[in-house]
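The chain contents come next:
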Amino acid sequence: MIREHPPRLDRLVSFILLLLISATVFGKSGSPVTKVKTVAGVVSGINESGIRTFRGVPFAEPPVGDLRWRAPQPVKPWKGVLETTTFGPRCMQLPIFGDMNFRSNGMSEDCLYLNIWTPGTDPEESLPVLLYFYGGGFVAGDGSEPRYDGESMARRGIVTVTMNYRLGVFGFLAHPALSEEAEYGESGNYALLDQTAALQWIRDNIRAFGGDPNRVTIAGESAGSVSVSALMLSPLAKDLIYGAIGESGSVLHTLRAVSSPEAEQAGLDFASHIGTKTLEEMRAIDAEALLNATLKDKNNPDTFGNLFSFPPVTDGYFLPEDIFSAYASGDVAQVPLLVGWNSEEMNHQALMRGNPLTRKGFQTLLRDTFDADADEAARLYRGDSDEDLLQVATDLAGDQFLVYSTWKWADLHSQTGNDVYRYYYSHPRPVMRPEFAGDTAPPVARGAVHSAEIEYAMGNLPTNRVYDWQPGDYRVSAVMQTFFKNFVKKGDPNGLGVPPWPTLKPNDSGYEMVIDVESGARREQYRDRYLFLDKINR
C-alpha cells in the first residue's frame, strides 16, 4: 500500500522546492540566470523575457602591461562560474562626442569584452549571428551604447553581439621597436586585430549560445563601417565572414590607412613627444596620462598632433599594401554586402570652414580644393538658386567626408561578382523632446545626419529619449530593421513587408534603396560626381 502525503504537506514540500529552485536560477537582479559553457569556462547571464543576455564576456586577455600594443592574446581559462550580467569597462577614450551614452562599467585599458543577446542557447538551433562594431572615428565608442543594443534583433531570431576594441594611441600606435618584437614583424592595427579576435571567439563559442559560426554577418557604422571594409580585406578575418553591412564609410578613403613606414615614423615622433626612449618606458606610462598626451596643447604649437593621429596601417599582414587593388581583383571576402550612406553626412558649414555660403565663396572654395579640375567640379556641383547652392554644398561636404569612399567600396565589390545592395538613407530625426531641447535647441537637420540611422536599423528608437519619435519614425525603423534582419538571415534584404531591392550592376548607374517614410528603389543619381572624386582621390 502506498502512503500518500496529506495535501497540506504536499503544498509545503512544493513551496520549499520552489524556494530552492529560485535561489539557484535567479541572479542578484531577480532575473533568471542562464549558464553557458565557453571554451575558457562557464559564464552566467540573465534571461530577460526570453532573451538570454550576457554582458562583459572576456574574449581576450587584458591588453595591459607587457600586452599593451600587442596583438590580443587568448583569454585564460577560469574555474567556477563567471558572472556576466554587467557591461565591461569601455576602452580608453576622451568624451569628444556628445551623442554617446555608455552603460559600461567605467573606463580601462582592460576593456576587451563582448556582449551577447540570444533568443536561445540550444546548439542545435544554429541561428544567424550579427556582430556589430561601434563608430567613433577609432577614438571613441563602446559596445554598451544603447543604440547598438541587441535585444530587438535577438527577438527576430538573430544572435546579436557587440564588442569593444582598443582606440586611438592604444589601438593603432606603430613603432619600429614594436614591429621588431612582434612575431609577424609589423605593428599597429591592434583595434582591427581585436575585432578579428572577437570573430575567432564567435567561431569557437557561439554555437553554445544558439548561434551558427558559419553564418556570421559583420556590421558597423562610421569607424565601424570602415572596420567591416578592412576585415573583408584581411587574410586573418575574411574567411570568418558570411555577410557584411557597412553604414557610412570605408577604408578606401574614410580614415584612410597609411603605410608602415609612415605609421612607424609617427610612432617615433610620439615617443619623442612623451620623452621615452624604450618600449619599457612607453608601457610604464599611466594609461590616462598616455591618452592626454595625444591632445594638442593650444598654448604649445610644438605638441603632438591630435587624437586622430593613429590611423589603420597597410602593413602587409592584416591589411594589404594596396587595398584598392585587392578590392578591384576580388582578393577580399566574397560575401554579399549591404552598404550605404545618409543624406546629410556633413553640413555645408564644415565645408566652408566658417565662411558664409555665397556663390562667390563656393566658387573660390572649388578653385582652392580642385585647382585645375575646379570647372568640372563646378559643373557637377552646380547651384542655380540659393536653395540649390545650399544642397550642393551639403552634398559636396558629405561626399568628401565619406560618401565617396562608401560608394567606391560598393562599386568595386559589385564588379567582382558579388551581390551588393546599396541604400540612401534620407529620413531626418524629429525634433528633440522639450526636456532635452532647452532654449538653444539646434534646428532640425535638412536630411539624415551622420549616425542618425543606427537606432532605426537596430530597432532601438525607445532607447534614445532625446528625440520625439513619431509614428513615421517607427515605420521607417520597421522597414530598415526588416531589411537588416533579412540580410543577416539569408544574405538578401528582400522579403515580405518591404519594397523590392535590386542588386547593383557592375559599371552601371544601378539601383539604390531610398529609405524613408516611403521607401523604394531608384536609379543612382550622382555616379558622375563619384567618378570625378575617384579621379581626384586616386
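The structure displayed is predicted, hence computed values, not measured ones.

A.B. asks: Help me out: how do you make sense of the overall build of the protein in this one?
C.D. replies: Helix and strand counts for the protein stand at 18 helices and 15 strands. Relative to its length of 538 residues, the protein is compact, with a C-alpha radius of gyration of 25 Å against a globular reference of 24 Å. With respect to the principal axes defined by its C-alpha atoms, the protein has extents near 105 × 60 × 55 Å. Across the 538 residues of the protein, 55% fall into the buried class. For the protein, long-range pairs separated by at least 24 residues make up 74% of all intrachain contacts whose partners lie at least 6 apart in sequence. Carbon and sulfur atoms make up 51% of the accessible area of the protein, which totals about 23300 Å².

A.B. asks: In this structure, what is going on with the pairing of strand 14 (residues 511–515)? I would like to understand it.
C.D. replies: Sheet faces and side chains relate simply in a regular strand, where the side chains alternate between the two faces. Where burial is concerned, most of strand 14 is hidden: 4 out of the 5 residues are buried. Across 3 bridges, the pairing between strand 13 (residues 420–425) and strand 14 is parallel. What sits directly across from Tyr425, in strand 14, is Ile515. By the bridge criterion, 4 bridges tie strand 14 to strand 15 (residues 520–523) in an arrangement that is antiparallel. Each residue of the ladder has a partner; that of Met513, found in strand 15, is Ala521. The hairpin formed by strand 14 and strand 15 contains 4 residues between the paired strands.

A.B. asks: Before we go on, may I ask you to explain the environment of Glu280 in this structure?
C.D. replies: Secondary-structure assignment places Glu280 in helix 8 (residues 279–284). C-alpha of Glu280 to C-alpha of Asp66: the two residues are 214 residues apart in sequence and 8.2 Å apart in space.

A.B. asks: How do you make sense of empty space enclosed by the protein when you look at a structure like this?
C.D. replies: To locate leftover empty space, one rolls a probe as large as a water molecule over the atoms. Applying the stated rule across the entire model yields 5 cavities of 30 Å³ or more. Here the largest cavity is characterised by a volume of approximately 100 Å³. Lining the largest cavity we find 13 residues, and of these Trp341, Ser343, Asp395, Asp399 and Tyr424 sit closest to its centre. Listing elements by their share of the lining of the largest cavity, those giving two or more residues are strand 12 (337–342), helix 14 (386–414) and helix 18 (527–537). With 5 residues, the single largest contributor to the lining of the largest cavity is helix 14. Class assignment for the residues of the lining of the largest cavity results in 5 nonpolar, 4 polar and 4 charged. Considered as a void within the structure, the second largest cavity measures approximately 60 Å³ in volume. Taken together, Pro63, Arg68, Trp69, Cys91, Met92, Glu109, Cys111, Arg166, Leu167 and Phe170 form the lining of the second largest cavity. The class makeup of the residues in the lining of the second largest cavity is 7 nonpolar, no polar and 3 charged.

A.B. asks: Whenever I open this one, the nonpolar core confuses me. Can you help?
C.D. replies: It is characteristic of soluble globular proteins that their nonpolar side chains tend to be buried jointly. Ranked by internal contacts, the top residues of the largest apolar core, which has 139 residues, are Phe59, Tyr165, Ile218, Met232 and Phe362. The element contributing the most residues to this core is helix 14, with 12 residues. In contact with Tyr165, other than residues within four places in its own chain, are Cys91, Leu112, Phe133, Tyr134, Phe138, Ala191, Asp194, Gln195, Ala223 and Gly224.

A.B. asks: Help me understand the state of the cysteines, please; the structure alone is not making it clear to me.
C.D. replies: By definition, a disulfide links the sulfur atoms of two cysteine residues through a covalent bond. Inspection of every chain in the model, using the stated rule, returns 1 disulfide. Across a sulfur-sulfur distance of 2.1 Å, Cys91 and Cys111 are joined as a disulfide pair. Around the S-S axis, the bridge from Cys91 to Cys111 shows a dihedral of about 90° and counts as right-handed. One end of the pair, Cys91, is in the loop between strand 4 (81–83) and strand 5 (113–118); the other, Cys111, is in the loop between strand 4 and strand 5, and 20 residues separate them in sequence. Take Cys91 and Cys111: they sit in the same class, and that class is buried.

A.B. asks: What am I meant to see in the packing of aromatic side chains here?
C.D. replies: Working definition: an aromatic ring pair is given by the centre-to-centre distance plus the angle between the planes. Applying the stated criterion to the full structure yields 19 aromatic pairs. A ring pair is formed by Tyr134 and Tyr165, whose centres lie 4.2 Å apart and whose planes are at 10°; its orientation type is stacked. With Tyr134 in the loop between strand 6 (127–133) and helix 2 (151–154) and Tyr165 in the loop between strand 7 (159–163) and helix 3 (168–172), the pair connects residues that are 31 residues apart, well separated along the chain. Taking relative accessible area as the criterion, Tyr134 reaches 1% and is therefore assigned buried. Ring plane angle 75° and centroid distance 6.2 Å describe the contact between Phe138 and Tyr165, whose orientation is recorded as edge-to-face. Of this pair, Phe138 sits in the loop between strand 6 and helix 2 while Tyr165 sits in the loop between strand 7 and helix 3, placing them 27 residues apart in sequence. Neither Phe138 nor Tyr165 differs from the other in exposure class; each is buried. In this structure, Arg529 is placed above the aromatic ring of Tyr526, and the distance from its NZ or CZ to the ring centre is 4.0 Å.

A.B. asks: What exactly am I supposed to notice about the confidence of the model for the protein here?
C.D. replies: The predicted coordinates should not be examined in detail at positions where pLDDT is low. Here the protein shows a mean pLDDT of 91. Residues at 70 or above account for 91%. Per-residue pLDDT stays below 50 along residues 1–29; that stretch engages in 10 contacts with residues further than four places along the chain or on separate chains.

A.B. asks: Just to check I follow, could you spell out the pattern of salt bridges for this structure?
C.D. replies: Side chains bearing opposite charge may pair, as long as their charged atoms lie close to each other. Under the counting rule described, the total for this entry stands at 26 salt bridges. The salt bridge partner of Asp384 is Arg382, with a shortest N-O separation of 2.7 Å. Where salt bridges share partners, they join Asp411, Arg422, Glu512, Arg522, Glu524 and Arg527 into one cluster.

A.B. asks: Mind showing me how you'd approach helix 17 (residues 471–490) here?
C.D. replies: Along an α-helix, residues three or four apart share an orientation, since each turn contains 3.6 residues. An ideal rise of 1.5 Å per residue puts 28 Å on 20 residues; helix 17 measures up with 29 Å between its terminal C-alpha atoms. Here helix 17 has its buried residues at Asp473, Val476, Ser477, Val479, Met480, Gln481, Thr482, Phe483, Phe484, Asn486, Phe487 and Val488. Following helix 17 by one or two positions, Gly491 adopts a phi angle in the positive range, close to 75°.

A.B. asks: Would you mind going over the layout of surface pockets with me for this structure?
C.D. replies: Of the voids in this model, the second largest pocket is the one considered here, and its volume is about 370 Å³. Lining the second largest pocket are 19 residues, and of these Phe59, Pro74, Ala197, Gln200 and Trp201 sit closest to its centre. Taken together, the residues of the lining of the second largest pocket sort by class into 13 nonpolar, 4 polar and 2 charged.

A.B. asks: Mind showing me how you'd approach unusual backbone geometry here?
C.D. replies: Negative phi characterises most residues that are not glycine, and trans characterises most peptide bonds. We note that Ser49 has phi near 55°; this positive angle belongs to a residue other than glycine. Along the chain, Ser49 turns up in the loop between strand 2 (42–48) and strand 3 (51–58). A relative accessible area of 68% places Ser49 in the exposed class. At Ser451, a position not held by glycine, the phi torsion is positive, near 80°. With respect to the element layout, Ser451 can be found in the loop between helix 15 (434–437) and helix 16 (454–457). Owing to a relative accessible area of 7%, Ser451 belongs among the buried residues under this scheme.

Cut-off values and rules
- Residues numbered from 1 in each chain as written.
- Predicted model: local features only at pLDDT ≥ 70, side-chain atom pairs only at ≥ 80, totals over all residues.
- Heavy atoms only, no water.
- Helix = DSSP H or I, 4+ residues; strand = E, 2+ residues; numbered from the N terminus.
- Rg over C-alpha atoms; globule rule 2.2 N^0.38 Å.
- Buried < 20%, exposed > 50% of the residue type's maximum accessible area, 1.4 Å probe, protein only.
- Contact = heavy atoms within 4.5 Å.
- Areas by Shrake-Rupley, 256 points an atom, 1.4 Å probe, with all protein chains shown as cover.
- Pairing = 2+ DSSP bridges.
- 1 Å grid on protein atoms, 1.4 Å probe; cavity = no way out; pocket = protein on both sides within 12 Å on 5 of 7 lines; lining within 4 Å.
- Points joined across faces, edges and corners; volume = space filled by probe spheres on them.
- Nonpolar A, V, L, I, M, F, W, Y, C, P; charged D, E, K, R; others polar.
- Core = buried A, V, L, I, M, F, W, Y, C linked by side-chain atoms within 4.5 Å.
- Disulfide = S-S within 2.5 Å.
- Phe/Tyr/Trp six-rings, centres within 6.5 Å; stacked < 30°, edge-to-face > 60°.
- Lys NZ or Arg CZ within 6 Å of the ring centre and 35° of its normal.
- pLDDT = per-residue confidence, 0-100.
- Salt bridge = Lys/Arg side-chain N within 4 Å of Asp/Glu carboxyl O.
- Expected span 1.5 Å × (residues − 1).

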